Amino acid sequence: MMPSTLRALIFDVDGTLADTERDGHRIAFNRAFADAGLPWHWDVAGYGELLAVTGGRERLLHFMDAHVPQMAQAEREMLARRLHQRKTDHYLHLVEHGAIAWRPGVLRLIAQAREAGVALAIATTTTRANVLALLKHAGDACPAEAFAVLGAAEDSERKKPDPGIYFHVLDRLGLAPGQCIAVEDSQAGLQASRATGIATVVTVNDYTRLQDFAGALSVVSDLGEPTVPARHLQGLALRGACVDLAQLRVWLHDRDEAA
Ligand code: XBP
Ligand code: MG
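These numbers come from a predicted model, not from an experiment.

**Student:** Report on the overall build of the chain, specifying residues and quantitative values.
**Tutor:** Along the backbone of the chain there are nine helices and seven strands. The C-alpha radius of gyration computed for the chain amounts to 18 Å, which stays within 12% of the reference 18 Å derived for 259 residues, consistent with globular compactness. Viewed in the frame of its principal axes, the chain has a C-alpha envelope of about 55 × 35 × 30 Å. Counting only contacts in the chain whose residues sit at least 6 apart along the sequence, the fraction spanning at least 24 positions is 62%. Charge centroids of the chain, computed over 26 positive and 32 negative side chains, lie 1 Å from each other.

Here it is in structure tokens:
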């Protein structure tokens, strides 16, 4: 087997670049419900269950199936669209005002990849405006221009675990799956990336740590920083304190050896 050369890192967004769900999307949904005079409130635990449905509008429709079953389908879809637009406005406001924390090691690894000429891409099911706002808030550390491809909800008809967004990103990068590594935080994300054959590192969070990550290259607590080591949880072992390019290349090599 030809040894794989790492040419691109493909990052998921929600839960991977930053802890966006609990303190971002969830709050934004609740604000949209309040604006519309609806008595709905998504608490931290309940939102974790709703995350089984990927895509904010799809999540809303799923919730409405149980809570307003009497509402006509067309009306339900219109309400979901309106609430989701409002929710996006609130989310953008939260990001712009610094409510969202970047996860350990992400900006470090991105900087290292840029310096080494390893391409960067995004593969997310979230709305494009949300990604742009998140990147803008990171400033020079992570400008949108640093990403060769920015694949978002608008680029794939189906949401993860469907692999559509990963196929789109590979196509735009002009690379084979074996030349890339994806970083994901969830089982749905891992299923999407793995279905295209991309080796995937999982960084878990409170909403995803108990999910099934069989088939991941390695599962770690986060990407880690030299002074705040990541914890290895599953898959290929973590050799140092954090996930850097050298570690990713070793993992790709070890995977090839085992194949
Ligand atoms: C996670 C999602 C998204 C967000 C909400 O995306 O499923 O739907 O929860 O964003 P990923 P929207 O992990 O692939 O980044 O409301 O814009 O859908
Ligand atoms: Mg995610």
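**Student:** Help me get a handle on the coordination of the magnesium ion (ligand 2), residues and values and all.
**Tutor:** When a metal holds four donors in a tetrahedron, each ideal angle between them is 109.5 degrees; when it holds six in an octahedron, the ideal angles are 90 or 180 degrees. Taken together, the protein donors to the magnesium ion (ligand 2) comprise Asp12 (OD), Asp14 (O) and Asp185 (OD), at separations of 2.1 to 2.2 Å. Between consecutive donors of the magnesium ion (ligand 2), the numbers of intervening residues give the motif D-x1-D-x170-D. In this pair, Asp12 is assigned in the loop between β1 (8-11) and α1 (21-35) and Asp185 in the loop between β4 (180-184) and α8 (187-194), connecting sequence segments 173 residues apart. Overall, Asp185 belongs to the buried group, its relative accessible area being 7%.

**Student:** Hey, could you go over the packing of helix α3 (residues 56-67) against helix α4 (residues 73-96) for me, with residue numbers and the actual values?
**Tutor:** Relative to each other, α3 and α4 sit at 135°, their axes nearing to 9 Å. As judged from the angle between their axes, α3 and α4 are oblique. Where α3 crosses over α4, the two elements pack in a sense that is right-handed. In this structure, α3 uses Gly56, Arg57, Leu60, Leu61, Met64 and Asp65 to contact α4, whose residues at the interface are Arg76, Glu77, Leu79, Ala80, Arg81, Leu83 and His84.

**Student:** Residues and numbers for empty space enclosed by the protein, please.
**Tutor:** Across all of its chains, the model carries one cavity of 30 Å³ or more by this definition. Lining the largest cavity, in full, are Thr124, Thr125, Ala152, Ala153, Ser156, Arg158, Lys159, Lys160 and Ile165.

**Student:** With reference to specific residues and values, describe the pattern of salt bridges.
**Tutor:** Taken as a whole, this structure holds twelve salt bridges when the rule is applied. A salt bridge links Asp23 to Arg22; the shortest N-O distance between them is 3.0 Å. By sharing partners, the salt bridges in this structure join Asp12, Lys160 and Glu184 into a single network.

**Student:** Talk me through the side chain of Arg76; I want residue IDs and the actual numbers.
**Tutor:** Considering the arrangement of structural elements, one finds Arg76 in helix α4. Within the structure, Arg76 has its side chain in polar contact with the backbone oxygen of Pro69 (distance 3.2 Å). Non-local contacts of Arg76, meaning those with residues more than four positions away in its chain, are made with Leu61, Met64, Asp65, Val68, Pro69 and Met71.

**Student:** Explain the environment of Asp89 residue by residue, including any values.
**Tutor:** As for its position among the elements, Asp89 is in helix α4. On the basis of relative accessibility, which here comes to 43%, the residue Asp89 falls in the partly exposed class. When the C-alpha positions of Asp89 and Phe29 are compared, they lie 10.0 Å apart, and in sequence the two are 60 residues distant.

**Student:** Could you give me a rundown of the side chain of His168, with the residues and numbers involved?
**Tutor:** Turning to its location among the elements, His168 is positioned in helix α7 (residues 164-173). In this view, His168 contacts Gly151 and Asp155; residues no more than four positions away in its chain are not counted.

Rules behind the numbers
Residues numbered from 1 in each chain as written. Chains lettered and ligands numbered in written order. Predicted model: local features only at pLDDT ≥ 70, side-chain atom pairs only at ≥ 80, totals over all residues. Heavy atoms only, no water. Helix = DSSP H or I, 4+ residues; strand = E, 2+ residues; numbered from the N terminus. Rg over C-alpha atoms; globule rule 2.2 N^0.38 Å. Contact = heavy atoms within 4.5 Å. Lys, Arg positive; Asp, Glu negative; His and termini not counted. Charge placed at Lys NZ, Arg CZ, Asp CG, Glu CD. Donors = N, O, S within 2.8 Å, 3.2 Å for Na, K, Ca; no water. Buried < 20%, exposed > 50% of the residue type's maximum accessible area, 1.4 Å probe, protein only. Axes fitted to C-alpha atoms, helices over the stretch in contact; angles between N-to-C directions. Parallel < 35°, antiparallel > 145°, perpendicular 65-115°, else oblique. Left-handed = near helix turned anticlockwise from the far one by under 90°. 1 Å grid on protein atoms, 1.4 Å probe; cavity = no way out; pocket = protein on both sides within 12 Å on 5 of 7 lines; lining within 4 Å. Points joined across faces, edges and corners; volume = space filled by probe spheres on them. Salt bridge = Lys/Arg side-chain N within 4 Å of Asp/Glu carboxyl O. Polar contact = N/O pair within 3.5 Å; in protein donor to acceptor, adjacent residues only side chain to side chain.

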